[in-house]
Amino acid sequence: MLKDGSYTAWYKTPLDQGTGIVHVPDGQIWGCDSLMTYHGFCKVDGDRFTATVSTKRHTDGRATVFGVDDELTLEIEGSCPGKVATYTATAVQVPGMILQGTLIRTEQQPPAPERTGQAASFNPDKLPKLPKRSR
């Protein structure tokens, strides 16, 4: 099941590949990569999910993985039986080209334990001494 949370995204088309970050909160989906931001809505049904995502360029430069620089509308279908989801997507603006992708759920790190005592103060006199050399 595609759970609410953050995911690392990897995707490819026959033209190129890329990586990004995706967030899935409460039926929404949004994220970004080095060229584009994306946002939209997703629907989860058991292990299957669908989404409609709009993309918008935030950085000039190379073409997107679809080979165009325009804003895109992606139709996504996928499955997520655990922490890893696989999906395919098509762009309305580029008929016939299929994007294949993987989402890997990012686990939150537990907070670092609080220090209970004071750190020892630095005393350079306690450092090891080098042997004396004759000149």
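Throughout this description, residue numbers start from 1 for each chain and increase along the sequence as written. In keeping with the model being predicted, local features are shown solely for residues with a pLDDT of at least 70 and side-chain atom pairs are shown and tallied solely at 80 or more, while totals for entire chains, interfaces and linings include all residues. As a rule here, side-chain values cover all heavy atoms of the structure and leave hydrogens and water aside.

1. Regarding the layout of surface pockets
Here the largest pocket defines a volume of roughly 410 Å³. If you trace the largest pocket, you find 29 residues lining it, with Y11, D33, Y38, L74 and L99 closest to the centre. Put simply, DSSP H or I for four residues or longer makes a helix, DSSP E for two residues or longer makes a strand, and each gets a number counted from the N terminus. Counting only elements with at least two residues in the lining of the largest pocket, the list comes to β1 (5–12), β2 (17–24), β3 (28–33), β4 (36–45), β5 (48–57), β6 (73–79), β7 (84–91) and β8 (94–105). The element best represented in the lining of the largest pocket is β2, accounting for four residues. Under the scheme applied here, ten amino acids are nonpolar (Ala, Val, Leu, Ile, Met, Phe, Trp, Tyr, Cys and Pro), four are charged (Asp, Glu, Lys and Arg), and all others, including Gly, are polar. Here the residues of the lining of the largest pocket are counted per class, giving 20 nonpolar, seven polar and two charged. Using only the protein atoms, space was sampled on a 1 Å grid; points where a 1.4 Å probe fits but cannot get out form cavities, open sets with protein on both sides within 12 Å along at least five of seven lines form pockets, and lining residues are those with an atom within 4 Å of a point. Grid points are joined across faces, edges and corners, and a volume is the space filled by probe spheres set on the points.

2. Some details on the side chain of H23
Relative to the helices and strands, H23 resides in strand β2. Polar contacts involving the side chain of H23 include one to the side chain of S6, which spans 2.8 Å. By definition, residues are in contact when any of their heavy atoms lie within 4.5 Å. Excluding residues within four positions of it along the chain, H23 makes contact with G5, S6, Q28, I29 and W30. Definition of a polar contact: a pair of N or O atoms within 3.5 Å, with one able to donate and the other able to accept a hydrogen when the atoms are protein atoms, and with sequence-neighbouring residues admitted only if both atoms are side-chain atoms.

Purely geometric stuff here, so don't read any function into it on its own.
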